[in-house]
Amino acid sequence: MREDKGIFYRIDWVVVGLYLALVFIGWLNIYAAVYNETHNHIVDFTQKYGKQMIFIIAAMLLAMGILIIDSRFFSQFAWFIYGFFLFMLVVVIFSGREVAGSKGWFAIAGFGIQPAEFAKMATALVLAKYLSTLDVSIAKLRSLAISSAIILVPAVIVFLQHDTGSAIVFLALVIVLYRAGLTGFIPLAFIVLPVLGILALLLPKLILVAILLLVAGGFYFFSNRKLRTTLLIIAISLGTIGFVFSVDYSVNHILEPHQRNRIHVLLGQDVDLKGAGYNVNQSLIAIGSGGAFGKGFLQGTQTKYNFVPEQSTDFIFCTIGEEWGFLGSSVLVILYVGLFVRLILMAERQRSRFSRFYGYGVASILFFHFTINIGMTLGLMPVIGIPLPYISYGGSSLWAFTVLLFIFIRQDSYRYDLV
Amino acid sequence: MERIYADRKYIIIGFFLLIGLLFLVRLFYVQILVDKYILSANNNVLRYVTQYPARGLVFDRNGKLLVYNEAAYDLVVIPQQVKNPDTMALCRLIGIEKTEFISRLQKARNYSPYRPSIFESQITRDSYGFLEEKLFLFPGFFVQSRTLRKYTYPVAAHTFGYIGEAGPEMIAKNPYYRSGDYIGISGIEKSYEEILRGKKGMKIRVFDVMNRDKGSFRDGRYDTTSVAGIDLYSSLDADLQQYGELLMTNKKGSIVAIEPQTGEILCIVSSPSYDPNLLAGNIRKKNYTRLLADSVYVPLFNRALMAMYPPGSTFKLVDALVGQQEGVLSPDTRYGCPGGFPLGNGKKVGCHPHPSPTDLMGAIQISCNTYFCRVFKSIIDNKSYLSTRQAFESWRKEVMSLGLGKKLGIDIPGELNGNIPTPGYYDRYHGKNRWRSMTIISLGIGQGEIGITPMQLANMAAVISNRGWFYTPHVIKAIGKSDSMNVAYNTKRHTLVDPKYYDIVIEGMANVITGGTGVIAKIDSITMGGKTGTAQNPHGKNHSIFIAFAPVQNTKIAVSVVVENAGYGATWAAPIASLMIEKYLNRTIKRKDLEERMINGNLINGKQPESERGQGNILPD
Ligand SMILES: [Zn+2]
């Protein structure tokens, strides 16, 4: 049919445009973050922005390579790719390089490669592959167990590499399961339980328990009052109350002091701005001082003079917030949300279940990174060091996110041929 | 089939939008609604470095440099930026104890965590070089260059005054001053503060997280340059001032000399004094405490402006002027002197033996007590007034028009009014209107409740030589350029005594020198008018007083000398005044014997410590 028009006619240029915009914004702000008077030439490979330019060019080549691979390749080799990266995750524990306390790095040709970044892509592939299998239904316990295992196995290995942030990202794939028919309780629990956990630390226990009992009573009052419903309400009430007490206990007795500090910082209970709260406070100062229109390109003082930590990687959003202000920050947030929504809409137009679930996987992973990273710089999330997709400095993450996205763009471009 | 779950895309998209919206709201709050982050950002990177201008210099009337500046360095701290300092190392560098370090830091923090406070002031140039190298080790600390006041001659300490750090009240009152700023605290440093200080500038520097200077903020767009202080041209004669202080060695009292035709003060000596260099720089506090504690010499007390003495016989000149003005006295008025003025209760105001009777001129010449008691009585009992009170009030008004009993308004802070008693005072003392001329007769010979400062005495001599007018005495004659007039002090003030009544007084004063009580002050080459006085002192030996002016025609200098506990006016005050006049008009002293006797005369029964008098050296701290 349209085969003759060529691949570039059929790819979704909106999503590619969003991708290119983000990559360009990323490079510009890495330049600003590391800018100094002695190194200001835009192609200076001793500087991070020079290296990032190489990473970007390599990413483009990768993207083009993916676009010319047969679209059935990823579906057919999903398990192989998954297996390969699981193997790499294990290998890296023993032979990898340690970067910032995490062991998950390979050094290849002078560049660091983090298999965990690619493992997310592989997991999304396999999950889509598994869910698209004909006899699989998430309503069946077996299917749910296997799906969970697909997600949790790499997550646990990554966790063992002391890369908690990346490990948590795998949990984002619960959105795919939800779309596949998983009961809404579970994703809801993902949202409700953290909120409840925070309340458990902020409010006196008795008041919280009273509120929970009131809510439960309300549910019971408006329910059909059948035995099954009543038991369910009682079970959930007891579960949440137990959760409240266990959160309080684990924070105060099980967590390491530095982890406890991070939680107190997040809850605004830590005033030691030179200690645990330093990063978040400096991040907020940088973003907040940007005002409505920002200080202008290269005019950010907080990032330029290194008050913000990790400013080209995890805290790159500070540079954007400081130099481009509310205007620039909003544009970035809108670009991201636009990308996510576009990906969901694209996923929904797939005729192949594999492509659809994979599209959801891509959107979930990117969305999770976005939420954790910007939430962290804005003091809404705990400090979890994961990169902002396409923006943060680093070849490994840029390539992994590029591959993740372009596999889907490739699938989408052949959506009429795939079933 | 998962098709039935297709609607879940709305929930998922809705969730994405919700998070996006949450971030937008948070960004709006952080970036637009609150401004504390902007302030914190500025505190992070910007240092407001004050540029202190050099304080104005002070010259004497002949262009000699009196007060100047020397470079010094202050160690400044911004408490908020202090991060885990190596306290011991810093203490060693500036030589203080750890407890002192902690208390200073706390003090600075109390003032402001964000604004710079002086941590250690006036570091020597040597330790500055050493400190600057190590400073990067102590974030929050930096060095600011300042100037230190220096004095060419160790004299006129009270007139110059001193500067020190502005106190909390001053900072609260005047927004120009910040903690650690210097301000004139006394003397002309205080009265001419706004002229001398110049205008501070502000340089905004950018510092990175390691506290390294990264250059000026926005290319110095917001910097302000400092404006140097303006120089002052003083009317003081440095030689005369020095000479006066030399003559007053080991004596308590003062010498004030004024150029009558301009009101310019030629010298103000208050003895005992101190070396002004003692109160400059970081040795000030220590030395100030020491000087303040000296109850024997009281060197900080400015006698010339703040000590009040009964003027004694010098007041007879005022009687002569007011008596004529009131019409109860003429040059021909003659009174006999039976060895004193009877007070009616068997007692009398005594007088020394002299030819009798005398006319007005003769009475001034030999300083007859009887004569001036009669003059005073006739002023107060004047029948042209309805009451004693009215006559007294008229007398008081005319006396005060001569610049007595009220601050003259000179340009040095701390001047006192002196005292010419009010009718109310006598009402309180004797009962309403129950006092008469005889009750208060001692005023006629300058004793009793009357109090005059040495500055007022000198001005009185100037008024007489000018025949009834004066300019407010002042010590600064020009600001900025040597020929610019200080407008505040060029308005003539006229007395209530007609100029024609002064001639006879001047003639009498000339006779005092040529053949009266003040012959000891006679200088062969110079015509002079003078008057001796002896102030009764209930606490000890009388104070010796002399006022004089010279030459009689076209007068160049009017002078008052008070030497405490020195006896008669003619014994100490008159020779000292005479030497001052000779020094000023002839620039050399011929009467070496007299000079030597005066300098060596010790009337304090002791010797003021060298360390207070100084030799122009700063004492080691
Ligand atoms: Zn007599």
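All residue numbers here refer to positions counted from 1 along the written sequence of the relevant chain. Labels are handed out in written order, letters beginning with A for the chains and numbers beginning with 1 for the ligands. Selection of residues for local features in this predicted model requires a pLDDT of at least 70, selection of side-chain atom pairs for listing and counting requires 80 or more, and totals for whole chains, interfaces and linings are taken over all residues. Processing note: side-chain calculations cover all non-hydrogen atoms of the structure and skip hydrogens and water entirely.

## A few points about the interface of chain A and chain B
- At the junction of the two partners, chain A supplies 54 residues and chain B supplies 38 residues.
- Counting the surface chain A buries against chain B, the share from its top three residues, Y178, Y305 and F326 of chain A, is 16%.
- The salt bridge definition used is simple: a Lys or Arg side-chain nitrogen within 4 Å of an Asp or Glu carboxyl oxygen. Across the chain A-chain B interface, the total number found is zero salt bridges.
- We define a polar contact as two N or O atoms separated by no more than 3.5 Å, with the added condition that, inside protein, one atom must be a possible hydrogen donor and the other a possible acceptor, whereas residues neighbouring each other in sequence contribute only through side-chain atom pairs. The tally of links from chain A across to chain B stands at six residue pairs in polar contact (both at pLDDT 80 or more).
- Think of it this way: any DSSP run of H or I at least four residues long counts as a helix, any run of E at least two long counts as a strand, and we number them from the N terminus. Sorting the residues of the side of chain A that touches chain B by element identifies α9 (174-179), α14 (278-288), α15 (301-304), α16 (316-348) and α17 (353-377) of chain A as the ones contributing at least two each. Residue contacts are counted whenever heavy atoms from the two residues lie within 4.5 Å of one another. Summed over both partners, the accessible area lost on bringing two parts together, with a 1.4 Å probe, is the buried area.

## Here we look at the coordination of the zinc ion
All names here are of chain B.
- Counted as donors are N, O and S atoms no farther than 2.8 Å from the metal, or 3.2 Å for Na, K and Ca; water is not among the atoms, and sites may therefore look incomplete. Bound to the zinc ion on the protein side are C337 (SG), C351 (SG), H354 (NE2) and C368 (SG), at distances that span 1.9 to 2.4 Å.
- Sites are called tetrahedral only when four donors show all angles between 85 and 135 degrees, square planar or octahedral only when four or six donors show opposite pairs over 155 degrees and all other angles between 65 and 115, and irregular in any remaining case. Coordination geometry of the zinc ion: the four donor atoms subtend angles of 97 to 123° at the metal centre, consistent with an arrangement described as tetrahedral.
- Donor residues for the zinc ion sit on one chain with the sequence pattern C-x13-C-x2-H-x13-C. Residue C337 is located in the loop between α13 (316-326) and β13 (340-342), and its partner H354 is located in the loop between β14 (348-350) and α14 (360-366); the two are separated by 17 residues in the primary sequence.

## Comments concerning the packing of helix α10 (residues 238-247) of chain B against helix α20 (residues 573-586) of chain B
Residues and elements named next belong to chain B.
- Fitting a line to C-alpha atoms yields each axis, with helices limited to the stretch in contact; the angle taken between N-to-C directions then spans 0 to 180 degrees. The contact between α10 and α20 brings their axes to 10 Å, and the two run at 155°. The angle between the axes of α10 and α20 places the two elements in the roughly antiparallel class. Pair α10 / α20 crosses with right-handed handedness. Between α10, through D239, L240, Y243, G244 and L247, and α20, the contact on the second element is made entirely by I576, L579, M580, K583 and Y584.
- For the contact of α10 with α20, a count of residues per class yields seven nonpolar, one polar and two charged. Any angle from 65 to 115 degrees is called roughly perpendicular, while one under 35 is roughly parallel, one over 145 is roughly antiparallel, and all others are oblique. Helix crossings fall into two classes, left-handed where the near helix is turned counterclockwise from the far one by less than a right angle and right-handed where it is turned clockwise. Residue polarity is assigned by list, with Asp, Glu, Lys and Arg as charged and Ala, Val, Leu, Ile, Met, Phe, Trp, Tyr, Cys and Pro as nonpolar; anything else, Gly included, falls into the polar class.

## What about the pattern of salt bridges?
- By the definition in use, this model includes 25 salt bridges over all chains.
- A salt bridge links R342 of chain A to D12 of chain A, with the nearest nitrogen and oxygen atoms 2.4 Å apart. Within this pair, whereas R342 of chain A is found in helix α16, its partner D12 of chain A is found in the loop between α1 (7-10) and α2 (13-34), the two being separated by 330 residues in sequence.
- Across the pair D239 of chain B and K64 of chain B runs a salt bridge, and its minimum N-O distance is 2.8 Å.

## Re helix α3 (residues 87-94) of chain B
- For α3 of chain B, every residue scored as buried is listed here: T87, A89, L90, C91 and I94 of chain B.
- Trailing α3 of chain B by a residue or two, G95 of chain B shows a phi angle of about 70°, which is positive. Only protein chains enter the accessibility calculation, which uses a 1.4 Å probe. A residue is then buried if its area is under 20% of the maximum for its type, exposed if over 50%, and partly exposed in between.

## So, the sheet that holds strand β12 (residues 264-271) of chain B
Residues and elements named next belong to chain B.
- For two strands to pair, DSSP has to find at least two bridges joining them. Pairing within the open sheet is antiparallel, and its five strands lie in the order β12-β11-β20-β19-β18. Each of the sheet's edge strands pairs with one partner strand only, and the pair in question is β12 and β18 (529-535). The average angle at which neighbouring strand axes cross in this sheet is 5°, direction not considered.
- Where strand β11 (residues 253-259) meets strand β20 (residues 557-563), six bridges bridge the pair, whose relative direction is antiparallel. Pairing of G253 across the sheet is with V563, part of β20.
- This element, helix α19 (residues 502-515), spans β18 and β19 (543-550) of the sheet and lies at about 75° to β18.
- Each of β11, β12, β19 and β20 touches α20; the most contacted strand, β20, lies at about 145° to it.

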